[in-house]
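If you want the building blocks of each chain, they are given just below.
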Amino acid sequence: MILGFDPGRDKCGIAVMGLDLILDYHQVVPAPEAIAIIKNLCEQFAIATLVMGDQTTAKTWKKKLQTELPASLPIVMVDERYSTLEARDRYWQMYPPKGLSSLIPKGLREPPRPIDDIVAILLIERYLKTQTTNN
């Protein structure tokens, strides 16, 4: 199992996905609760790798995670560029608009909630793509 982590100052996206691409968990959580939730997920699922975005607050978060999580859990940084735009499209694939909102042009639609968890899903997928191209 792979845990995807989109770190942020106020909120973080977390996702857990198997190598079979089946999504077991995804949630947007307050930043102060993120490490406790990640620890809990590591106990709940057999997490083999933690992948996280490499942008804004990544270095600080990586240091925190390395001190709080078992040293045996690899933390891999993944290119996070354009992931928010991609996550917006993915949100509408996962949750198609209904009613009047379906009439709004796709480019103008704003997801009704934070999509950091969907970014975490995309980070896992990006990581898996690098693994298949490297093997």
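Above this text you will find the structure in question.
Residues numbered from 1 in each chain as written. Predicted model: local features only at pLDDT ≥ 70, side-chain atom pairs only at ≥ 80, totals over all residues. Heavy atoms only, no water.

Outline the overall build of the protein chain, listing residues and values.
Helix and strand content of the protein chain: four helices and five strands. Written out in order from the N terminus, the α and β elements of the protein chain read β-β-β-α-β-α-β-α-α. Relative to the 2.2 N^0.38 estimate, which gives 14 Å for 135 residues, the radius of gyration of the protein chain is 15 Å and therefore close to what a compact globule would have. Oriented by its inertia axes, the alpha-carbon framework of the protein chain measures out at about 50 × 35 × 25 Å. Taking all 135 residues of the protein chain together, the buried fraction comes to 41%. As presented, the protein chain carries roughly 7,800 Å² of accessible surface, and 54% of it is formed by carbon and sulfur atoms. Computed over 16 positive and 16 negative side-chain charges, the separation of the two mean positions in the protein chain equals 4 Å. (Helix = DSSP H or I, 4+ residues; strand = E, 2+ residues; numbered from the N terminus. Rg over C-alpha atoms; globule rule 2.2 N^0.38 Å. Buried < 20%, exposed > 50% of the residue type's maximum accessible area, 1.4 Å probe, protein only. Areas by Shrake-Rupley, 256 points an atom, 1.4 Å probe, with all protein chains shown as cover. Lys, Arg positive; Asp, Glu negative; His and termini not counted. Charge placed at Lys NZ, Arg CZ, Asp CG, Glu CD.)

Requested: an account of a nonpolar patch on the surface, with residues and values cited.
A cluster of nonpolar side chains, Leu23, Met94 and Tyr95, forms an exposed patch at the surface whose accessible area comes to about 220 Å². Structurally, the position occupied by methionine 94 is in helix H3 (residues 83–94). (Patch = residues over 30% accessible without salt bridge, like charges linked within 9 Å, V, L, I, M, F, W, Y side chains within 5 Å. Salt bridge = Lys/Arg side-chain N within 4 Å of Asp/Glu carboxyl O.)

Can you tell me about the environment of valine 28, naming the residues and giving the values?
Residue placement: valine 28 occurs in strand E3 (residues 23–30). Separated by 79 residues in the primary sequence, valine 28 and glycine 107 place their C-alpha atoms 23 Å from one another. Setting aside chain neighbours within four positions, we find valine 28 in contact with Lys11, Cys12, Arg113, Pro114, Asp116 and Asp117. (Contact = heavy atoms within 4.5 Å.)

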